[in-house]
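Inside the fold
Listed below are the residues making up each chain.
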Amino acid sequence: MPAPAPKFFLLDAMAFIYRAHFALRKYPRLNTKGMNTGAILGFTNTLVEVIQKEKPTHIAVAFDKAANTWRHQRYPSYKAHRLAQPEEISAAIPYIKSILEAFRIPVLESEGYEADDILGTLACRAAEAGSTVYLMTPDKDFAQLVNASVYLYKPAFMGQGVAILGEQEVLAQWGITRVEQVQDILGLRGDPVDNIPGIPSVGPKTAQRLIQQFGSLENVLAHADQLTGKLREQVTQYAQQGILSKELATIHKDVPLAFDWVQNPYRGPDRDQLSALFQELEFRSLAKRVLGEAHPASATVPDPKPTTPQSTTRQLPTASDPKPVEAPPPLATIYTTAHQYHLIDTPELRQDLIRYLQLQDTLCLDTETTGLDPHQAALVGIAWSYYPGEAYYVPVPTDEAQARAIVQAFKGVLENPQICKVGHNLKYDSCVLYRYGIELAPPFFDTMLAHYLVAPDKPHNLSAVAEEYLHYQPLPIEALIGRKGATQSSMRDVPAATIKEYAAEDADITLQLKKKLEEAIRQAHLQRLFYEIELPLVRVLTAMECQGVQIDTRLLQEIATGWEQELHTLVQAIHTQAGRSFNIDSPKQLGTLLFDELKLVPNPKKTQSGQYATSELVLTSLAKKHTLVAKILDYRALKKLKSTYVDALPSLLSPWDGRVHTSYNQMVVVTGRLSSSYPNLQNIPIRTARGRHIRKAFVPSSPDHVLMSADYAQVELRIMAAFAQDPTMLAAFRLGEDVHAATASKLFKVPIASVDESMRRRAKTANFGIIYGISPFGLAQRLSISRAEASQIIQAYFTEFAAIKIYIDNTIEQARADGYVTTLLGRRKYLRDIHAKNATVRGFAERNAINAPIQGTAAEIIKMAMIQIYDWLQQQNMQAQMIMQVHDELVFDVPKAEVAVLQAEIPRLMSSTWLPGVSMVASVGVGSDWLAAH
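Residues numbered from 1 in each chain as written. Predicted model: local features only at pLDDT ≥ 70, side-chain atom pairs only at ≥ 80, totals over all residues. Heavy atoms only, no water.

**Points about the overall build of the chain**
Scanning the chain from N- to C-terminus turns up 37 helices and 22 strands. C-alpha extents for the chain along the principal axes are approximately 90 × 75 × 60 Å. Buried residues in the chain amount to 52% of all 934 residues. Expressed as a percentage of contacts within the chain between residues at least 6 apart in sequence, the contacts between residues at least 24 apart total 69%. Accessible surface, the chain: about 42100 Å² in total, of which carbon and sulfur atoms supply 52%. (Helix = DSSP H or I, 4+ residues; strand = E, 2+ residues; numbered from the N terminus. Buried < 20%, exposed > 50% of the residue type's maximum accessible area, 1.4 Å probe, protein only. Contact = heavy atoms within 4.5 Å. Areas by Shrake-Rupley, 256 points an atom, 1.4 Å probe, with all protein chains shown as cover.)

This is the structure in structure tokens:
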């Protein structure tokens, strides 16, 4: 029997490194040294997956070199728009090369050529020698190399399975008859990612049509006279540019490589070398999957520094340990794990379940609903679990009365203060149940909230947490209702027996996660933050969200009418000043006016697509150059306010009670601040007349009520003073002085009585700027002064408030040592860029090191106040309700008869939170709407 053909996998290294980096950028994976290992882990996982699943006989990986290639020589602007390589990728590459060396996989590089050319050359050689070749890359350009023996291999990614493309798939995908026509299409349409120009006005569909008609780029150019209109003009004018573009897009297949792939079959890793690397990078799960349960780590770790290659290739060492990579065990699933999930769909079964639930000290619940908004969605069912591997699903009918009756039967369980209720995002379940007459009673344990505290930079969805702690992959909801989009169905349409498996599994897995995350909270010393602040806050936020806020829709309609006219007037004024009409909302048309016609700056910035940048930041920098820009900014601000609030708020009124029910998010901002969504009530501006006008539309729930606003005074400055123990600032707060005037007195060497408004304004800007690590440049911009004068103010500030300077320096130094900073209660903010070589990136991390503990502690203080106020209102049987939280401000809906009591008690409760050496101060206002109360 003839031997099977070699199976040669060729990997495009940088494509997968970048893919892993950007896939995990929002949720970076940080080790205990503060290093972001996401790109390394993502690349290695991809490598292990292909080795284990595809079992290649040969494998090699190609890298780009830093130096320019033949393409840059032919076209100096090649890749000119590429952003600088992220520093985290630069740091990851040496480790990835060391991992490849430990796997005993050749790393191929060649001066003057890109990885594409290296892979193209090897693919041709191997195919000619009888190998089946798989080009492993997400890059579409490699389609030009596919033939009967060469395939494109796209690994699974972001829910998409493996895709293997042969000749027929490439021809169908590109709409061509010959694979080499890929080069012709690329030459015509260009490639903005690599800055290959192509022929202007020729997009993918036009390029495809031209190649289908004429067969090649050269034939298109030769028959340009058969084209019409603008296309004929462009093809004729840019013919040579099209030829050059095709050359740049063509992958070379004749790179002078000394590498002999035949003599380098894949023999498996150097286990000791790989184990040592995994240990250093803290890839414990990956080490177990690849190397087995207890493979000892080597005492030494390879130096992860790039070697200087002696030739264009790296030869494989002789295999001393030719063991293949062990197949990583797959994630456990509902199909591979023993379980008992029960459908509880009769009154008798429900009563039996309730009797068992009442005997438990801990149980897990998970609601299934028709949507994601807990204030709009209807309940479909509730899953319960109190023993690992067992769970129960109770379906709820569509009839409102019947549904409420079933839920009410569980009221004794859900409102029992002796039973700990466990959930994953328990506030959602609590809000849903509230509408069915249930006030979920503590104690609570929220696994999503616990994971947010333990690993703030990671994703917190149940699938991600289950995979991390249980090596388990729950059923995705898409398996029941399909992917997001127009065709996605509702959970109400899924049979109860099918929902049972999904919902019961969620409750079961969440219960199992509780034990793991309890230990994680303990090890991270986050018990007080979790059990005394974040968990009790769940009940407070539930009450606030379910209470909702009354909106004066008639006033909003009046505002909308007036603003519509104001927008019309602004548009006319802008067009008149511009000398012509244009679409103000079009970045392209706006850029043409500002930079081609008015020529406001000599070298305007452009976006990656080649258009002029017209962001708010760009326009703000130009506002002083031309009054037209100020009008455009005013137009944008007004239109955004109108669409975001004035137009949107009436559409968000709940059909249940006619109020707006925002969602307060505990697990979004890594510093611990609450955020608000649907709608975002925290972004309504207070410093502008228009923003204040919107606040007038927030009104009490009845004519017998008023709104009360309680606001902390200078909370972040007080925290800074307490952390730094600066005697001058502490004294100002203790004596009740105007701290900004006191600061100005110190900075400008005048008695406090002589401080004028200009001095106070500068001192106030400096006070708050210091908290955010402001630079002389930033202070100069805010105060409209010279950078030299700003430097003098900062220097004077640190002279007068020396303890604050010491605190800032010590905090940054500690952040460098630990890789993170902490708040008063121990919440961590990881700073993966604190050692960055790029000064701008490092400076941003240092400013975060200064601000995060202060902002996070401020968040903890107001959360403590919210809990204390909520408990006091409950204990005193007050009818007043806390209805909004906006950073340092709390808003209450208060019966007029209770106003006097709350005016005295709310400031007292808000001021009772503890900080060393400084007291908190809160002021209270009352009015007929939110603006009047502020």
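**Concerning the sheet that holds strand β3 (residues 107-108)**
If you walk across this open sheet you meet the six strands as β3-β2-β1-β4-β5-β6, and the pairing is mixed. Because the sheet does not close on itself, it has two edges, and the strands there are β3 and β6 (163-165). Here strand β4 (residues 132-136) runs beside strand β5 (residues 150-154); their pairing, made up of four bridges, is parallel. Across the sheet, leucine 135 pairs through a bridge with leucine 152, a residue of β5. (Pairing = 2+ DSSP bridges.)

**Things to note about the pairing of strand β2 (residues 58-62)**
For β2, the buried fraction is high: five of the five residues fall into the buried class. Here β2 shows two buried faces, one formed by His58, Ala60 and Ala62 and the other by Ile59 and Val61. Summarising the sheet, strand β1 (residues 7-12) and β2 pair through five bridges and their orientation is parallel. In the sheet register, leucine 10 faces β2, and the bridge partner there is alanine 60.

**Focus on the packing of helix α31 (residues 757-771) against helix α33 (residues 787-800)**
It is the contact of α31 with α33, at a shortest axis distance of 11 Å, that shows an interaxial angle of 70 degrees. In terms of their interaxial angle, α31 and α33 are classed as roughly perpendicular. On the side of α31, the interface is formed by Arg762, Ala766, Asn767 and Ile770, while α33 contributes Glu789, Ile793, Tyr797 and Phe798. (Axes fitted to C-alpha atoms, helices over the stretch in contact; angles between N-to-C directions. Parallel < 35°, antiparallel > 145°, perpendicular 65-115°, else oblique.)

**A few points about the packing of helix α17 (residues 426-434) against helix α22 (residues 527-547)**
How two helices sit against one another is set out by the angle between their axes and by the gap between those axes. Viewed as axis vectors pointing N to C, α17 and α22 meet at an angle of 45 degrees, and their least axial separation amounts to 9 Å. Regarding the angle of α17 to α22, the classification is oblique. As for the relative orientation of α17 and α22, their crossing is right-handed in sense. Listed contacts from α22 to Lys427, Ser430, Cys431 and Tyr434 of α17 are Val538, Leu541, Thr542, Glu545 and Cys546. The residue makeup of the contact of α17 with α22, split by class, is five nonpolar, two polar and two charged. (Left-handed = near helix turned anticlockwise from the far one by under 90°. Nonpolar A, V, L, I, M, F, W, Y, C, P; charged D, E, K, R; others polar.)

**With respect to the side chain of threonine 447**
Locating threonine 447 in the fold gives a position in helix α18 (residues 447-454). A residue is classified by how much of its surface remains accessible, and threonine 447, at 0% relative accessible area, is buried. In contact with threonine 447, other than residues within four places in its own chain, are Val422, Gly423, His424, Thr510, Leu513, Lys514 and Leu517.

**Some points on the sheet that holds strand β10 (residues 390-395)**
Pairing in this open sheet of six strands is mixed, and the strands run β7-β10-β9-β8-β11-β12 from one edge to the other. Either end of the sheet is taken by a strand with one partner, and the two such strands are β7 (340-343) and β12 (444-446). Going across the sheet, the axis of each strand differs from the next one's by a mean of 25 degrees, ignoring polarity. Pairing between β7 and β10: four bridges, direction parallel. In the sheet register, glutamine 340 faces β10, and the bridge partner there is glutamate 390.

**Quick look at the packing of aromatic side chains**
Taken as a whole and judged by the stated rule, the model has 17 aromatic pairs. For the pair tryptophan 384 and phenylalanine 410, a centre-to-centre distance of 5.0 Å together with 15 degrees between the ring planes defines the contact as stacked. Residue tryptophan 384 is located in strand β9 (residues 379-387), and its partner phenylalanine 410 is located in the loop between α15 (400-409) and α16 (411-414); the two are separated by 26 residues in the primary sequence. Among the residues examined, phenylalanine 410 registers a relative accessible area of 1% and is labelled buried. An aromatic cluster of at least three residues, connected via ring pairs, comprises Phe9, Tyr134, Tyr151 and Tyr153. The ring of phenylalanine 445 has lysine 514 sitting right over it, with the charged end atom 5.4 Å from the ring centre. (Phe/Tyr/Trp six-rings, centres within 6.5 Å; stacked < 30°, edge-to-face > 60°. Lys NZ or Arg CZ within 6 Å of the ring centre and 35° of its normal.)

Scope: geometric values only; no functional claims are made or implied.
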